[in-house]
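# Geometric and topological summary
One letter stands for each residue in the lines below.
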Amino acid sequence: MISQLDRDLTELQQAAGAYAARHRRIAEFGWPPGVRIAVNFTLDFDSMLLRRLLNEPPMQLAKGEFGGRVGIWRLIELFDSHHVKATIFTPGRACELYPQAIRAAVESGHEIADHMWEHRVPKEAALEEDHLAKTAAAIEKISGRRPVGTRSGHSASLLCKHEYIYRSEGSADQLPHYVVDESGNNCLVHLPFHYVIDDAMFFSFAWLGSENAAQRITDPEHVFDIWWAAFRQQYREGGYLNICMHPFVSGRALRVAMVDRLITRMKSLPGVWFPSCAKVARWCLEKFPPLAPAALPQTPESLLGMSHHSREGGNLELQGHSGSSGPPLPRG
Ligand SMILES: [Zn+2]
């Protein structure tokens, strides 16, 4: 007799198999000659949009605004001084709110990529496509280029239709890899990152009407040590580091100074590459093209997970940038 437990286990095994088949590591991954590690500095230009969605009080809106008025400029200046090419994931509406800053970033050679229209992915398919298209149009208008990357839960089919090549979201691996959607037809490069290398985990304070657990003010020196150790580990392995920052979080003076010292120390080692995310994605596609889509095992309906920045309700930044389920994590 087959018990309910047996049925549950079979379903779980099927789900695990389907998930594994969709996440494809790149065999014998490597960087261009002379490169030992690629470091992507990624900025989520949320400004006050997320805070507006959460109906936060004026003080918090002002904190978000600081990112658009001051933080983004300081960070562009910092990256330029080090010849680092950053990737700015921007909500489409931020192109209307802070066009000068985005234009300056483009002039410095930084990449502008998608971070949803107003920091949410609508549930309705037509509206979702409208948001994606509006953001691409806004970015193209201001930068002269259509975005090819996203930090969002937009569907892979829609992203591929609009010629996106990568997504930077989730922590399913350490290295760049490929993820194929349920249909097996839509494949994107994934550029993973982790909370440990996310400024909001250390510096977000007094927001979301949060209880004590969500209050954080970490000494930048301590964050320097953590990030440097993470970098060294990846450096030893010939790996990859995606440092996620928010202009309203990391744009504060002492934190900018800390990142300045961090980049300076990274540059003291040979073989450290600071490209844009698009450049890393193109490197993967050119050197390690994805295999032709294979027939994929199906994930049981009941086990389909929600991704961060996924459909309404799952899109909020406070769930963190991992694609996993689990309790929401506070973030900015
Ligand atoms: Zn965001």
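Definitions and limits used
- Think of each chain on its own: its residues are numbered from 1, step by step along the sequence as written.
- Owing to the predicted nature of the model, reporting of local features is limited to residues with pLDDT of at least 70; listing and counting of side-chain atom pairs is limited to 80 or more, with chain, interface and lining totals taken over all residues.
- Segments assigned H or I by DSSP are reported as helices when at least four residues long, segments assigned E as strands when at least two residues long, and all are numbered from the N terminus.
- In this scheme the burial state of a residue depends on its C-beta neighbours within 10 Å: 20 or more other such atoms mean buried, 12 or fewer mean exposed, and anything in between means partly exposed; the C-beta positions come from the backbone.
- It is the C-beta atoms, placed from the backbone, that decide contacts: two residues are in contact if theirs lie within 7 Å.
- As a per-residue measure, pLDDT tells how confident the predictor is, with possible values from 0 to 100.
- Note on terminology: a nonpolar core is any set of buried Ala, Val, Leu, Ile, Met, Phe, Trp, Tyr and Cys residues joined through C-beta atoms within 7 Å.
- We call two strands paired when DSSP finds no fewer than two bridges between them.
- Helices are assigned an expected span. That span is 1.5 Å times one less than the residue count.
- This arc describes the spread of directions from the helix axis toward the C-beta atoms.

## So, the overall build of the protein chain
A tally of regular secondary structure across the protein chain gives twelve helices and ten strands. By residue count, 42% of the 332 residues in the protein chain fall in the buried class.

## Considerations on helix α12 (residues 277–287)
Among the residues making up α12, those that are buried are C277, A278, V280, A281, W283 and C284. In this structure, the buried residues of α12 make contact with β2 (37–44), β3 (87–90), β4 (111–114), β5 (149–150), β6 (166–167) and β8 (187–190).

## Focus: the confidence of the model for the protein chain
Chain-level pLDDT for the protein chain is 87 on average; 84% of the residues reach the 70-or-more range. Confidence drops under pLDDT 50 across residues 304–308; counting only partners more than four residues distant or on other chains, this segment forms 15 contacts.

## Points about the environment of R236
Inspection of the secondary structure puts R236 in helix α9 (residues 220–237). Residue R236 is classed as exposed on the basis of its C-beta count, with 10 C-beta atoms lying within 10 Å. Taking the C-alpha atoms as reference, R236 lies 8.7 Å from I37; in sequence the two are 199 residues apart.

## Examining the environment of H23
Tracing the sequence through the fold places H23 in strand β1 (residues 23–24). Taking the C-beta count within 10 Å as the criterion, H23 has 14 such neighbours and is therefore assigned partly exposed. Between the alpha carbons of H23 and H190 there is a distance of 9.3 Å; along the sequence they are 167 residues apart. Not counting residues up to four positions away in its chain, the partners in contact with H23 are A172, H177 and V179.

## What to know about unusual backbone geometry
Backbone geometry at E28 places phi at a positive 50°, although glycine is not the residue there. By secondary structure assignment, the location of E28 is in the loop between β1 and β2. Classification of E28 as exposed rests on a count of 6 C-beta atoms within 10 Å. The backbone phi angle of H119 is positive, close to 65°, even though this residue is not glycine. Tracing the sequence through the fold places H119 in the loop between β4 and α6 (125–143).

## Observations concerning the nonpolar core
Within the largest apolar cluster, 67 residues are counted, with the highest numbers of intra-cluster contacts made by I88, Y166, L188, I243 and A281. Every residue in contact with L188, bar those within four places of it in the chain, is listed here: A156, L159, Y164, I165, Y166, R167 and V179.

## Notes on the pairing of β2
Counting buried positions along β2 yields eight of eight residues, so the element is predominantly enclosed. Judged by which residues are buried, β2 turns out to be covered on both faces: I37, V39, F41 and L43 on one side and A38, N40, T42 and D44 on the other are all buried. In this sheet, strand β10 (residues 272–273) lies alongside β2 in parallel orientation, the contact comprising two bridges. In the strand pairing of β10, I37 is matched with V272.

## Focus: helix α11 (residues 253–267)
Turn by turn, an α-helix covers 3.6 residues, leaving residues three or four places apart pointing in a common direction. Between its terminal C-alpha atoms α11 stretches 21 Å, which fits the 21 Å expected from 15 residues at 1.5 Å a residue. Turning to α11, its buried residues number three or more, namely R255, V259, I263 and M266. Mapping the buried residues of α11 onto a view down its axis gives an arc of 75°, with all of them on the same face. For α11, the exposed residues lying more than 90 degrees away from the buried face are A253, L254 and T264. The elements touched by buried residues of α11 are β2, α3 (58–82), α8 (200–203), α9, α10 (247–250) and β10.

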